[in-house]
Amino acid sequence: MATRKTKISYAVKRFKGFWNQFRKSKRGVTGVAIVVFFTILAVFAPLIAPYAPIDPKKDADKYPGQTTPPRIAERLCSPVWYKYLPWIPRGPAQAEDLFWTNVTELGGQLLAVFDRLEVTDMEDYIPKDTFDEYRGNATDHYMRLSRAATKPPQVEIIFPNGTLKQIETPEDWWSSRNPATLGDTIGKPGYLSMRSFVRGLSEDLGEDLIYTAFRVKYEYSRDITENMELVPDFQFSSNQTFQQEWDWTTLTGSAHLRYNSVKGVNNDGCIEITYNPNVDENESKIVLSKRFEYPYWEPPQSFWAHVSTRVQGKPVNLTITIQKDGEQPIAIIKLLREASPNYHHRTIYPTEQVVRDVSHSLSPEKIILPSPGNYTFAIEAVFTGEEKTSVYLDDFNMLLYGNTFGLLGTDNAASSSYPRDIFSTLVYGTQVSLTVGVLAAVFGTVIGLFLGLVAGYVGGVTDEIIMRVADLFLVLPTLPLFIILIVALKVVSNTVSMWNIIIVLTLFGWMGFARSVRSMVLSLRERPFIEAAKAAGAGKFYIISRHVLPNVFALVYITLATSVPGAIVTEASLSWLGLGDPRLASWGKLLYDFQISGVTVTRGLTEYWFWIFPACISIAVLAAAFILMGYALDEILNPRLRMRR
Amino acid sequence: MFLKDESFELGCIPMALKEYVLKRLVYSVILIFAALTVNFLIFAMMPGDPLRQYMARVELHTNEEQYEMMREQLGLNKPLHLRYLDYLVKMLTWNFGNGMIGGGAPVTEQIMNRLPNTLILMGFAAVLSIIAGIFIGVLVAYKRGGLFDTLAVTGSLVTYSVPIFFIGWLMMFFFAVQLHWFPLGGIAPRTWGRTPPTNAIEVLIGRISHLVLPTITLFLFSVGGWILLSRACVLETITEDYVVTARAKGLKERTVLYKHVLKNASLPLITSVAMTFGFLISGAIITETLFDYNGMGLLIWDAIRGGAAPDLPVLQAIFYVIALAVIVANFIADLLYGVIDPRIKYG
């Protein structure tokens, strides 16, 4: 009997011999290298990917009492390294927005509703069917342009019969205070002229106005903008940074400000503003401000701001403002805070009423930060009365979202509430593809091996049944059946998980291998050494496990390697069709998200190539790596092929 | 002993051709019934009562009365074995009834509307890839070990593993977005609307321009597999002893290749070709979805995902027709085997 030690050393020796042979195959080595690379990615995904693959949040645990932490970036960002590419255009640029009109009657008045269309997909002639296809859910009573126009726009009407008409835009249609809006909110002249204009058109066109399109051409300033965080130390963790970063002045009265190291949200640092009125004093105003430079020619995509406050004493008026040097400050929010024992946390979005009052539109970030320059971010506290009052200020921050982010940009959060970092999703997707691919291949091969051995060695009725079932499975249409079964499994288990796909792939992944094993066993069992074993009184199980199995094993390795890519590609295809696990970041899911995002294929293939192509290439490369490996194994382990050389 | 093994691989014991055909026929009929049964069971076992899901979504306010009426109409209230018999009669008489989604158009009509589109697309792609694949495969096997062999094999392995939607997107990117040679998708120009032009040449050009990209996509996707398969088949036979004998006899290389090698190498290819043609009518779900090509694949996809619940009558009919086509194609392949392989004819 061989001892364990000699057995191991023999195995090592055999493996060394095999490896020496395998090393000679360029294809095989390439395949192994790629698989190792992706395995490392999968295993160390949490270390390599900077953000969570699903619903990534920025500083999720740092803003207490916060149900919706800030997003990591705006939707549809480009990769951040675009700034190093000289050919990415910057400066003045032409933009074109296309709107589709619907006219509804409301209280005896005609009301025009505009839907924005994706311009790139439109041809010059627009038939009615196309409009019906593109009719989205978003409606607006005014044409809101997608970018901040720098000059009055040109408007062109495309009538349903295909004729074009350039229309003169009166100056008052375009509000310079609000460059993002063409026509204005109710009560503003622009909107009324648009309405009366549409009414005039409807008299000529009647019903047809419903399918009329407006093409708006305008100039805007284009730049590559990055995310900016105005207050890096927003938790006020050290006095030193606070002193360096911030300025404060008492405008009127005796209020003063100091750093407090224990009264913060987490009993750490915060800002304490104290109003201790002198005799006859009943008002005081103090401003805490921080200067920053906004370097980009294009306004940020959006912003997010936050402040936590606690008041002791009388109510205090707080106003957060942004001011460009030499211009009037613009209030972002006005808060009246009353005394409370705990901190009050407030998040400020671009939709705040105060900001909208200033900008008359839904895109205030374009008003707040219209051009590059030096700005001041400030909070103003106004104390009244004759009582001592203190305000504690913490977690005070503002994030400006640019149009570039990460290594591969972001998606548009069509299936989630937060835009995702595509690079992180891509890295995590490796886990799903590898797991599904390898497990489905292993299960399918094991089942195929078992059934093949049984069919081949036992023979008779068993053989007949197994092979006929295999034939049956081979005549059923695979992909439609996969889809049906996954839909069915979804109903049964109430979720779509990775395992559903693995089960279905296993169910249909054994037939080919079972056939090859069976035919191999058929020829093996007639060999003299099996007969010798039989004559020596060996049982069926012993013969199969000790004599047949080792001879079939070369085939197992080859089949394993060549059936992984099939599983990987099928999983990707199923996820691509939207049948994958919605809670799992997979490559196919990434591409499915693109398809349901509403971004047209044309723009996806050109502007957002980084969303589509990396995932596609990853699937192809990983699958090809396994195939190459299998092919190399086949050349080494398959004796018939070896003979041929 | 060797001969016996070979015959096992071919799935039959040597016998007279007539007997062989008869056996294949019986076997095919049994397979059809098995497929019919599986097809019935899959949809009968479909969990979650698709009818109720469907009615809940479409009718908004479903009352039990309506539900029961619908059940009776579809024959769902009968016991399972009676339903199975109903189903068998329906399938065998090609009386597929009406679909549930999209106004409940007759299933046969739905299929016949899409089938020509799919057959044109898939047929073109299949014929092209089979011809090109076998041609390249044989050439490469004959000159194995050369640079062309390495390139062709590696290239085939790579295209074989690329997901088809990637190929489709690449085609779109180069030929539709960048070069504007062909349209992005659809089956006919949008401008046609409901009134296609009457000029035959215009119709032809319009249809073909929409056909090119999906055809190339399917072609690239499948040609690698054909190259590898035919190469492997030729390599399998080219090392046989009788080929060496033929060469030793002093036969021309060309004669050896075409008369001795190809004839035997073609046997496994025939099955694959037959399977491919059998599966033609199932369409290509992903390619058709990607290019918005109105064929059987899109019909299947719409039937599964288009409505509130899977459109069972449509799916059952399609699955049956596909299985039938594949089984018939296999049967024809078996007949061809009988004609080509003398071991079967004179066995």
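No experiment lies behind these values; they were computed from the predicted model shown.

A.B. asks: I'd like a rundown of the overall build of chain B, residues and numbers included.
C.D. replies: Along the backbone of chain B there are 15 helices and 0 strands. Residue pairs at least 24 apart in sequence account for 72% of intrachain contacts in chain B once pairs closer than 6 positions are excluded.

A.B. asks: Can you break down the overall build of chain A residue by residue, with the values?
C.D. replies: When helices and strands are counted, chain A shows 19 helices and 18 strands. Relative to its 645 residues, chain A shows a buried fraction of 41%. Taking the contacts inside chain A whose residues are at least 6 apart along the sequence as the reference set, 74% of them involve residues at least 24 apart.

A.B. asks: Give me the lowdown on the domain arrangement of chain B, citing residues and values where you can.
C.D. replies: The assigned domain composition of chain B is domain 1 (22-93) and domain 2 (114-340). A straight line from the C-alpha centre of domain 1 of chain B to that of domain 2 of chain B covers 33 Å.

A.B. asks: Account for the interface of chain A and chain B, naming residues and giving values.
C.D. replies: Residue-level contacts link 42 residues of chain A with 44 residues of chain B. Looking at the side of chain A that touches chain B, the elements that each hand over two or more residues are α4 (128-134), α10 (460-475), α11 (478-493), α13 (511-524), α15 (540-576), α17 (601-606) and α18 (609-637) of chain A. Ranked by the residues each element gives to the side of chain A that touches chain B, the list is headed by α18 of chain A, at 9 residues. When its residues are assigned to classes, the side of chain A that touches chain B shows 31 nonpolar, 6 polar and 5 charged.

A.B. asks: Can you explain the packing of helix α2 (residues 17-44) of chain B against helix α14 (residues 312-340) of chain B? Please cite residues and give values.
C.D. replies: Residue and element names in this part refer to chain B. Where α2 meets α14, the axes come as close as 10 Å, and the angle between the chain directions of the two elements is 165°. One finds that α2 runs roughly antiparallel with respect to α14. As α2 packs across α14, the resulting crossing turns out to be right-handed. Contacts between α2 and α14 pair L17, Y20, V21, R24, S28, L31, I32, A35, L36, N39 and F43 from the former with L312, L315, Q316, F319, Y320, A323, L324, I327, F331, D334, L335 and G338 from the latter. Along the lines of polarity and charge, the residues of the contact of α2 with α14 split into 17 nonpolar, 4 polar and 2 charged.

A.B. asks: Can you tell me about the nonpolar core, naming the residues and giving the values?
C.D. replies: Counting 212 residues, the largest nonpolar core has A381, A514, I612, I619 and A623 of chain A together with L315 and I318 of chain B as its most contacted members. When we break this core down by domain, the ones giving at least three residues each are domain 1 (22-93) and domain 2 (114-340) of chain B. Counting residues in each nonpolar core, the second largest holds 10 residues, with F99, V155, F214 and Y218 of chain A among its members.

A.B. asks: Tell me about the sheet that holds strand β14 (residues 316-324) of chain A, and name the residues and values.
C.D. replies: Two modes of strand pairing occur in sheets, parallel and antiparallel, and in both the strands are linked by backbone hydrogen bonds. Residue and element names in this part refer to chain A. Read from one edge of the open sheet, 5 strands run β9-β12-β17-β14-β15, paired in antiparallel fashion. Taken across any chain shown, the strands that pair with only one partner, and hence form the sheet edges, are β9 (247-252) and β15 (330-337). This sheet shows a mean twist of 20° between the axes of neighbouring strands, independent of strand direction. The pairing of strand β12 (residues 283-294) with strand β17 (residues 373-384) spans 12 bridges and is classified as antiparallel. When the bridges of β17 are listed, Y294 appears paired with G373.

A.B. asks: Mind laying out the environment of Y392 of chain A, listing which residues take part and the relevant values?
C.D. replies: Residue and element names in this part refer to chain A. By the secondary structure assignment, Y392 is in strand β18 (residues 389-401). A count of 19 C-beta atoms within 10 Å places Y392 in the partly exposed class. Between the C-alpha atoms of Y392 and T319, which are 73 residues apart in sequence, the distance is 14 Å. With residues up to four places along the chain from it excluded, the contact list for Y392 reads N260, K263, C270, E272, T309 and R310.

A.B. asks: Now, about the pairing of β12 of chain A: what can you tell me, with residues and values included?
C.D. replies: The side chains of a regular strand alternate between both faces of the sheet. Alignment of β9 of chain A against β12 of chain A, held across 5 bridges, turns out to be antiparallel. Across the sheet, residue T252 of chain A finds its bridge partner in β12 of chain A, namely K285 of chain A.

A.B. asks: Can you lay out unusual backbone geometry for me, pointing to particular residues and giving the numbers?
C.D. replies: Residues and elements named next belong to chain A. Despite not being glycine, D55 has its phi angle at roughly 45°, a positive value. Assignment of secondary structure puts D55 in the loop between α3 (45-48) and β1 (91-106). Residue D55 is classed as partly exposed on the basis of its C-beta count, with 17 C-beta atoms lying within 10 Å. Positive phi, close to 55°, is recorded for L76, a residue that is not glycine.

A.B. asks: I'd like a description of the confidence of the model for chain B, backed by residues and values.
C.D. replies: All names here are of chain B. Taken residue by residue, chain B gives an average pLDDT of 80. The fraction at 70 or more is 85%. Segment residues 1-14 is flagged for pLDDT under 50; beyond a separation of four residues in sequence, or across chains, it makes 16 contacts in the model. Prediction confidence for the complex, expressed as pTM and ipTM, is 0.82 and 0.84 respectively.

A.B. asks: Please set out the packing of helix α9 (residues 422-458) of chain A against α15 of chain A residue by residue, giving values where relevant.
C.D. replies: Residues and elements named next belong to chain A. Where α9 contacts α15, the two axes come as close as 7 Å, and the packing angle between them is 145°. Of the two elements, α9 crosses α15, and the hand of that crossing is right-handed. Between α9 and α15, the contacting residues are S433, V436, G437, V438, A440, A441, V442, G444, T445, L449, L453 and Y457 on the first element and K540, I544, V548, V556, T559, L560, S563, V564, A567, I568, E571 and A572 on the second.

A.B. asks: Pulling in residues and values, what's your account of α2 of chain B?
C.D. replies: Taking 1.5 Å per residue as the helical rise, α2 of chain B with its 28 residues ought to reach 40 Å, and the 40 Å between its terminal C-alpha atoms agrees with that figure. Residues of α2 of chain B that are buried: Y20, R24, L31, A35, L36, N39 and F40 of chain B.

A.B. asks: Summarise helix α8 (residues 164-178) of chain B; cite the residues concerned and give the values.
C.D. replies: Between its first and last C-alpha, α8 of chain B extends 20 Å over 15 residues, near the 21 Å set by a 1.5 Å rise per residue. For α8 of chain B, the principal kink sits at M172 of chain B and spans about 30°. Among all positions in α8 of chain B, only I164, F165, F166, I167, G168, W169, M171, M172 and A176 of chain B are buried. The elements touched by buried residues of α8 of chain B are α15, α17 and α18 of chain A together with α9 (200-238) and α12 (285-290) of chain B. H180 of chain B, located one to two residues past α8 of chain B, shows a positive phi value of around 60°.

A.B. asks: I'd like a description of the confidence of the model for chain A, backed by residues and values.
C.D. replies: Residue and element names in this part refer to chain A. Of the residues in chain A, 81% have a pLDDT of 70 or more, and the chain-wide mean is 79. For chain A, per-element mean pLDDT is lowest for α4, which scores 39, and highest for helix α2 (residues 26-43), which scores 92. With pLDDT under 50 throughout, residues 175-193 is counted as low confidence; its partners more than four residues away or in other chains account for 52 contacts. Predicted confidence for residues 357-362 stays below pLDDT 50, and this span has 19 contacts to residues more than four positions away or in other chains.

A.B. asks: Go over the environment of A615 of chain A, please, and point to the residues and values.
C.D. replies: Residues and elements named next belong to chain A. Inspection of the secondary structure puts A615 in helix α18. Sequence-wise, A615 and A572 are 43 residues apart; in three dimensions their C-alpha atoms are separated by 9.7 Å. Beyond its immediate stretch of four places on either side in the chain, A615 contacts L426, G429, W587, L590 and L591.

A.B. asks: Which residues make up the environment of V316 of chain A, and what values go with them?
C.D. replies: Residue and element names in this part refer to chain A. As for its placement among the helices and strands, V316 is situated in strand β14. V316 gets classed as buried once you count the C-beta atoms within 10 Å, which come to 24. Sequence spacing of V316 and S390 is 74 residues, and the spatial spacing of their C-alpha atoms is 9.0 Å. Once residues within four sequence positions are removed from consideration, V316 is found in contact with V311, R337, A381, V382, F383, T389 and V391.

Thresholds, definitions, all that
Residues numbered from 1 in each chain as written. Chains lettered and ligands numbered in written order. Predicted model: local features only at pLDDT ≥ 70, side-chain atom pairs only at ≥ 80, totals over all residues. Helix = DSSP H or I, 4+ residues; strand = E, 2+ residues; numbered from the N terminus. Contact = placed C-beta atoms within 7 Å. Buried ≥ 20, exposed ≤ 12 C-beta atoms within 10 Å, placed from the backbone. Domains from an automatic or database assignment. Nonpolar A, V, L, I, M, F, W, Y, C, P; charged D, E, K, R; others polar. Axes fitted to C-alpha atoms, helices over the stretch in contact; angles between N-to-C directions. Parallel < 35°, antiparallel > 145°, perpendicular 65-115°, else oblique. Left-handed = near helix turned anticlockwise from the far one by under 90°. Core = buried A, V, L, I, M, F, W, Y, C linked by C-beta atoms within 7 Å. Pairing = 2+ DSSP bridges. pLDDT = per-residue confidence, 0-100. Expected span 1.5 Å × (residues − 1). Bend = angle between axes of the 7 residues up to and from the residue.

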